[in-house]
Every structure is written in C-alpha cells, then in structure tokens.
Amino acid sequence: MNLFAEIRDLVIQSLADLTAQGVLPEGLSMENVTVEPPRDAAHGDMATNAAMVLARPAGMKPRDIAEALAARLAADARIARAEVAGPGFLNMALALPVWHETVRAVLTEGGDFGRSRIGQGLRVNVEYVSANPTGPLHVGHTRGAVFGDALAGLLDFAGYDVTREYYINDGGAQVDVLARSVYLRYLEAHGRDVAFVDGTYPGDYLVDVGVALKQKVGDAWVDQPEEVWLTELRDFATDAMMDLIRSDLAALGVRMDVFFSEKSLYGTGRIEAALADLDAKGLIYEGVLEPPKGKTPEDWEPREQTLFRSTAHGDDVDRPVRKSDGGWTYFAPDIAYHYDKVSRGFDALIDVFGADHGGYVKRMKAAVSALSDGRVPLDIKLTQLVRLFKNGAPFKMSKRAGNFVTLRDVVEQVGPDVTRFVMLTRKNDAPLDFDFDKVLEQSRENPVFYVQYANARVMSVLRRAAEIGIAADDAVLKGADLGAMTHGSELTVARKLAEWPRLVETAARTNEPHRVAFYLYELAGDFHALWNKGNDEPGLRFLQEGDIATSQAKIALARAVSVVISAGLGILGVKPAQEMR
RNA sequence: GGCCCCGUGGCUCAACUGGAUAGAGCAAUCCCCUCCUAAGGGAUAGGUUGCAGGUUCAAGUCCUGCCGGGGUCACCA
C-alpha cells in the first residue's frame, strides 16, 4: 500500500472526470501532476500541484481548476478537507480512518510494507568494492562496500532483480608486484634477510602468505629466478588476498553473488571480441591524440595509438585501448568486462567507484552506451573520502608504507552494524567524518543509537505488555480496533509511516540509500517525541492500565514503527536492537 | 588550463530530482524525571542557500559566467 500513489490516482481520476464533464479540455498531460507531503504540516497531509501544472495547457486560471478539483475530491471518503492555497496549491487533509488503515497495513504486510514494484523485476547489476587483490580492505573500501551493499538491498526492496558483483583486478602489473612481495616473505620464512625495495608491498599481512607458500613448495623456489615462480606465485598470492578480502567483507556482512576475474578475459578472445564489436560500429581507429588542453605534460610526444572513439558517446576525448608495446591498456579489459555484463542480459548497470576514479566515468559510460547501442543505462556512483577521527581529533594514519586503517580495524572496534549505518549518514558524494568515539556515543547526536533506541523502546513496551497480561502479538494487533488512536502526536507518527513506501521509491530511483538512513532518523524522532509526551500526558502512553482495547490500539502504532525500522535497517544491512545495554 | 564533485544559520548536514514561510542535530538561553528506559522531550534565538545574470506560475534545485575548496588529467590499474 502506498498512500501517496493512491491519492495521486484519485487526483488523476478526478481530473479525468472533470475532463469528461467538459470542465477541462481534452488531451492534457498529467505527467507532471504530483502529490506530496507539504513541508508545513499546517497545510494539511498532502498537496497537489495539479492546478498550476495544468493552468497553462488548459488555458485556465490555476484557482479555477483548483476549485473544481477540490469539490470533486471532497466527495471521496478519504478526503476530510480540500482547499486551495497559495498560487494554486490544493491542500488535502485526510480522514482519520486513513491513518488507522495505514497502521493496519504495516502490521498486515509486516516487513513487506513499503516493498515496491517499480523495479518490475528488471535485472540490475551492482558492481562495488572491486579493490585490487593486493591487500586487506581499508576504510575507503569500507564506504564503497557499505554503499554498494545498501544500494543493492534497496533496489531489491524496490522490485529489481539484483546481482551483487566484485571485479577482481588480477590482470595488471600490480599482481606481479604482489607476487614479488610474497616471494620476499617466502624468503624471510626461510630465514633470509630481505629488503622491501620501492615497488613492493611491505605490509605485515603478507607474512603468513610467505609462510604458507613455504609449506606448499618447501625450498624449491629459493634462489630461483622469476621465470621459475612468478606465474604460479601470482595465482597463489591473489588467491590468498581474495580469501582475505572475502573474510573482510564477511565481517562487514557483505556477500557478493559474483566475483569476476579480470584475468579470465585475457587469452580467451574476450577482449578482442568486445573491441571487435566496437570496431564493427566504426568506433576503433588508429590515430594520434592531441595533448591535454591547457597544460601539456613535459614528456608529451605525438604517438599513434589504437583508439576508442568515445567522443561519439559523450566523452571529451577518445581513449587508447592499446599500449605502444602492443599490450592492452587497463581500459581494454574494462570494456570487455562491461561487454560481458551487457551480454549477460542486465537491464541496467551500476558501478560504485571511489571519488578518485571520477575521471573514468565518461569513458565507461561511453563504452557501455556503444556496446549496448544505448539500450543499457550505466549509472556510476562515486563515494567520497572518509576522514577518520578519534575523540574529535583527526586520526593520523601511519606514514609507514603498508600500514593503514583497515576495514577489519573499524569493524572490530565499533561492530558491523554501527559501521554500516554511520557510513550511510552522509550522501555518497559528500565527504564523511568517522569518529571512533562518537559513533559509539549514546546520544541523539549519534543517529545509529537514536534509531536503535526507538526500536528498543518498542520492544520494551511489548515485553511490558506481556508482563501485565495484555495480548500484543502481531496477530492480535492487526485486528485491533484503532479508534483510540486520535492524538496529533500519534497521527504524526502514522503519517511518517505512510511516507515509507514513497521514500523507498524515491531512494531507489535516485540510487541513494542514504535517504533510508535519514528517514529512519526522522521516524525515530517522531516516535521519541510521542513517547515523551506520554510522560506529560498519561493518556498518550502505550500501556493503559485496565484498558486492554485502548492499549492494543496504541501498541499497534508502536509495533508498526518497529516493523518499518526493522525493514529499513534490513535494507541497510543493520540488525535492529532489541534492547539497549 | 580541461573535465567531475562540492559550497545552505557559529559548527556538522537535510531538503522527497522544480513546489508554498529553506528543515534537523550540535553549540547558546530557558523549561520537563514519583511516570512504558530522561541514553529522552519541549520552547526561544540564529539564513540574501558563495557571487552575478538567465529560464518559468514557481529555483537551494535547471542554464551561462565568475569566486572558493577537493578530485582527476595520454603507452599505471
């Protein structure tokens, strides 16, 4: 049930009736007619812009349309009042039973309340994390991981068929570096003194890998040239790193559907096939690029290269796909990878990148546009930096190479639920401050706590109800007479619940899971306000001694809040708290 | 220099992709605990949405040009 959609349907139907009566001319487009909550609650429960949108095409005054529409709407039982305001807004106040039915719908539909069908079962691929398999995940990856996972959860809830995918960059030169670094640790495991020269990874996390390698091959590779061990060691090392990364993701509660290996694209003709597709479309050519506009690099020299005509699909310059030594640029396998995604039949693609990859957005979009002939949209979401703090002071990462704050560090210190929620308290393209102390603070400043506390309070009421003998399981509550729910503070909460399905759709349409986190904070706020009013006005308490029917009506509202909080947190991958400790 | 992102009360951020008088939280001042967990709530004060134009019934939101901050910029991924 989506109340806003229902009322919009009513408005559209009413406009159609007016057209049939000849009040409005034929053929008006209703596309831009919206029904939304007004900013100011004093304006009523819902407002429509219909009169203003239609005034010009209809050749009528906004107020005339609004008056006619108001009269029509007032005939519906759900509309308690409809009045014209401002330049032609039509404000509607809804009848009390509408809110009671909203609460009942939440209890009846349970965790499915708010589920949407706007996705229409379309298959969407969300690619995220995709960190190089050269070490453990760090905080930056954590934000991308949480964002991508929450987005996937959101789209699933909105009716899409979602695939969560990780692209393993195991094909480039960085894997050779990894292999050499592991080799050094391997020598170390054999008691050798080693030096980590520039261009190798000195991180401690490779120590165990070196030991494991020793156990596997003994001393067979000691004092052997690279030709002997490099190829095999690459696989060994990337496997070890992917095991590490998988366990990092598991600690955060992220589970991928697909791990796609870049290496699997090489030597199999798949890169060639993708470029052949572009070539057949006349988008591959040999040419010389102009130097970048403005500042020319010192060592610039004109060079003939194999280029992808990405400018034909919105990019600023064409992009090389082959290096001068004949090998592929990194962009070539990326093209092939997205070609693979397109050919797997996805209806939409989403890539989640760190903000430092902003420069690749246009070329990736151009590639997907070209490969799919514009049929498959690619949305690229960039996640901004995470700034770490401890007790309000910037948390310096050690300068020592290879030593950084890992995902594991964060999760072990504050837990996966807090990590996830906090990472979503800012929209993806804004920098995020993460303070190890503040995120554990129990105060209104901390949204994680605030939302969890609201849910815990509901649970507390349910436990207390059981103690004093008031039946309050869901089966009872959804059949309860909600007539006793009339107070303004109660209706404020019900109104907020009614917004949930609409919020889900907006968040899904924009690919912005942070909206869910903000909504939950607002819902919790309305609930806390109601709770506190119960301190002043005993009549607003959820448990009314000696009046089981009234208690059940009020408990039903509280329970509905926890149902929506649980559903919302579920989308974000956070477990709701049953009690605070 | 080109491209991308950001600029909203003293501070940290929202604003339902164009809707009404721009909303929250911190900080400030004042109030509310025999009461379902006060780990909370209520009230007051605080704004030319970086600047200047434009588009329209309507602009924080869209367009153009500036200013400021960040990212990025051909054979590294």
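Thresholds applied
- Residues numbered from 1 in each chain as written.
- Chains lettered and ligands numbered in written order.
- Predicted model: local features only at pLDDT ≥ 70, side-chain atom pairs only at ≥ 80, totals over all residues.
- Heavy atoms only, no water.
- Helix = DSSP H or I, 4+ residues; strand = E, 2+ residues; numbered from the N terminus.
- Buried < 20%, exposed > 50% of the residue type's maximum accessible area, 1.4 Å probe, protein only.
- Contact = heavy atoms within 4.5 Å.
- Areas by Shrake-Rupley, 256 points an atom, 1.4 Å probe, with all protein chains shown as cover.
- Lys, Arg positive; Asp, Glu negative; His and termini not counted.
- Charge placed at Lys NZ, Arg CZ, Asp CG, Glu CD.
- Core = buried A, V, L, I, M, F, W, Y, C linked by side-chain atoms within 4.5 Å.
- Expected span 1.5 Å × (residues − 1).
- Polar contact = N/O pair within 3.5 Å; in protein donor to acceptor, adjacent residues only side chain to side chain.
- Salt bridge = Lys/Arg side-chain N within 4 Å of Asp/Glu carboxyl O.
- Domains from an automatic or database assignment.
- Buried area = accessible area lost by both parts, 1.4 Å probe.
- Nonpolar A, V, L, I, M, F, W, Y, C, P; charged D, E, K, R; others polar.
- Phe/Tyr/Trp six-rings, centres within 6.5 Å; stacked < 30°, edge-to-face > 60°.
- Axes fitted to C-alpha atoms, helices over the stretch in contact; angles between N-to-C directions.
- Parallel < 35°, antiparallel > 145°, perpendicular 65-115°, else oblique.
- Left-handed = near helix turned anticlockwise from the far one by under 90°.

1. Some points on the overall build of chain A
No. 1: Looking only at helices and strands, one finds 18 helices and 15 strands in chain A.
No. 2: Reported as C-alpha extents along the three principal axes, the dimensions of chain A are approximately 85 × 65 × 40 Å.
No. 3: The buried share of chain A, taken over its 581 residues, is 50%.
No. 4: In chain A, once contacts between residues fewer than 6 apart in sequence are set aside, the share between residues at least 24 apart is 73%.
No. 5: Accessible surface computed for chain A: about 26400 Å², of which carbon and sulfur atoms make up 49%.
No. 6: Averaging the locations of the 65 positively and 82 negatively charged side chains of chain A gives two centres separated by 3 Å.

2. Observations regarding the side chain of Thr238
No. 1: Residue position: Thr238 is located in helix α8 (residues 226-252).
No. 2: Owing to a relative accessible area of 5%, Thr238 belongs among the buried residues under this scheme.

3. What to know about the nonpolar core
No. 1: Counting residues in hydrophobic clusters, the biggest one holds 132 residues, and the most contacted among them are Leu15, Val103, Phe434, Trp500, Ile555 and Leu572.
No. 2: At 14 residues, helix α18 (residues 548-572) tops the list of elements feeding residues into this core.
No. 3: Other than its neighbours up to four places away in sequence, Ile555 contacts Val461, Leu462, Ala465, Ile470, Ala472, Leu477, Phe542 and Leu543.
No. 4: Of all hydrophobic cores here, the second largest spans 31 residues; its members include Ala274, Ile284, Trp328 and Leu378.

4. Digging into helix α1 (residues 3-20)
No. 1: Compared with an ideal rise of 1.5 Å per residue, which puts 18 residues at 26 Å, α1 spans 26 Å between its outermost C-alpha atoms and is within 8% of the ideal.
No. 2: When we look at burial in α1, the residues that qualify are Leu3, Phe4, Ile7, Leu10, Val11, Ser14, Leu15, Leu18 and Thr19.
No. 3: A side-chain oxygen of the first residue of α1 lies 3.1 Å from the backbone nitrogen of Phe4; this N-cap is Asn2.
No. 4: Downstream of α1 by one or two residues, Gly22 has phi in the positive range, about 85 degrees.

5. Focus on the pattern of salt bridges
Pairing between side chains of opposite charge can happen when their charged atoms approach one another.
No. 1: A complete count under the given rule lists 36 salt bridges for this structure.
No. 2: In this structure, the salt-bridge partner of Glu101 is Arg104, at a minimum N-O distance of 3.6 Å. Taken together, the residues Glu101 and Arg104, both in helix α4 (residues 96-109) and three residues apart, mark about one turn of the helix.
No. 3: Glu226 serves as the salt-bridge partner of Arg180, at 2.4 Å between the closest nitrogen and oxygen. Here the residue Arg180 occupies a position in helix α6 (residues 173-189), and Glu226 occupies one in helix α8, the gap between them amounting to 46 residues.
No. 4: Arg180 sits in the partly exposed class, given a relative accessible area of 31%.

6. Considering the domain arrangement of chain A
No. 1: Per the domain assignment, the segments making up chain A are domain 1 (3-94), domain 2 (123-170 + 258-383), domain 3 (173-252) and domain 4 (444-572).
No. 2: In this structure, domain 1 and domain 4 have C-alpha centres spaced 31 Å apart.
No. 3: Contact residues are listed per partner, giving six residues for domain 1 and four residues for domain 4.
No. 4: Across the domain 1/domain 4 interface, buried area totals approximately 450 Å², and carbon plus sulfur atoms make up 57% of it.
No. 5: Contact with domain 4 buries surface across domain 1, with Phe4, Pro37 and Asp45 losing the most and accounting together for 69% of the total.
No. 6: There are one salt bridge connecting domain 1 and domain 4.
No. 7: For the pair domain 1 and domain 4, the number of links is two residue pairs in polar contact (both at pLDDT 80 or more).
No. 8: Those elements that place two or more of their residues in the side of domain 1 that touches domain 4 are α1 and β1 (35-36).
No. 9: Residue classes in the side of domain 1 that touches domain 4 are distributed as four nonpolar, no polar and two charged.

7. Here we look at the environment of Arg63
No. 1: Note that Arg63 resides in helix α3 (residues 62-74).
No. 2: In this structure the C-alpha to C-alpha distance between Arg63 and Leu90, which are 27 residues apart in sequence, comes to 9.1 Å.
No. 3: Excluding anything up to four places from it in sequence, Arg63 contacts Val84 and Gly86.

8. Structural notes on the packing of aromatic side chains
No. 1: Tallying each qualifying case throughout the model produces 16 aromatic pairs.
No. 2: Geometrically, the ring pair formed by Tyr166 and Phe259 is tilted, given 5.2 Å between the ring centres and 40 degrees between the ring planes. Linking Tyr166 in strand β6 (residues 161-168) with Phe259 in strand β7 (residues 258-261), this pair joins segments that are 93 residues apart in sequence.
No. 3: Looking at Phe259, the relative accessible area reads 26%, which means it is partly exposed.

9. Section: the packing of α6 against helix α7 (residues 207-217)
No. 1: Viewed as axis vectors pointing N to C, α6 and α7 meet at an angle of 70 degrees, and their least axial separation amounts to 7 Å. Relative to α7, α6 is oriented roughly perpendicular. Crossing angle aside, the handedness with which α6 passes α7 is right-handed. Across the interface between the two elements, Val182, Arg185, Tyr186, Glu188 and Ala189 of α6 pack against Val207, Val209, Gly210, Val211, Leu213, Lys214 and Val217 of α7.
No. 2: Of the residues in the contact of α6 with α7, the class split is eight nonpolar, one polar and three charged.

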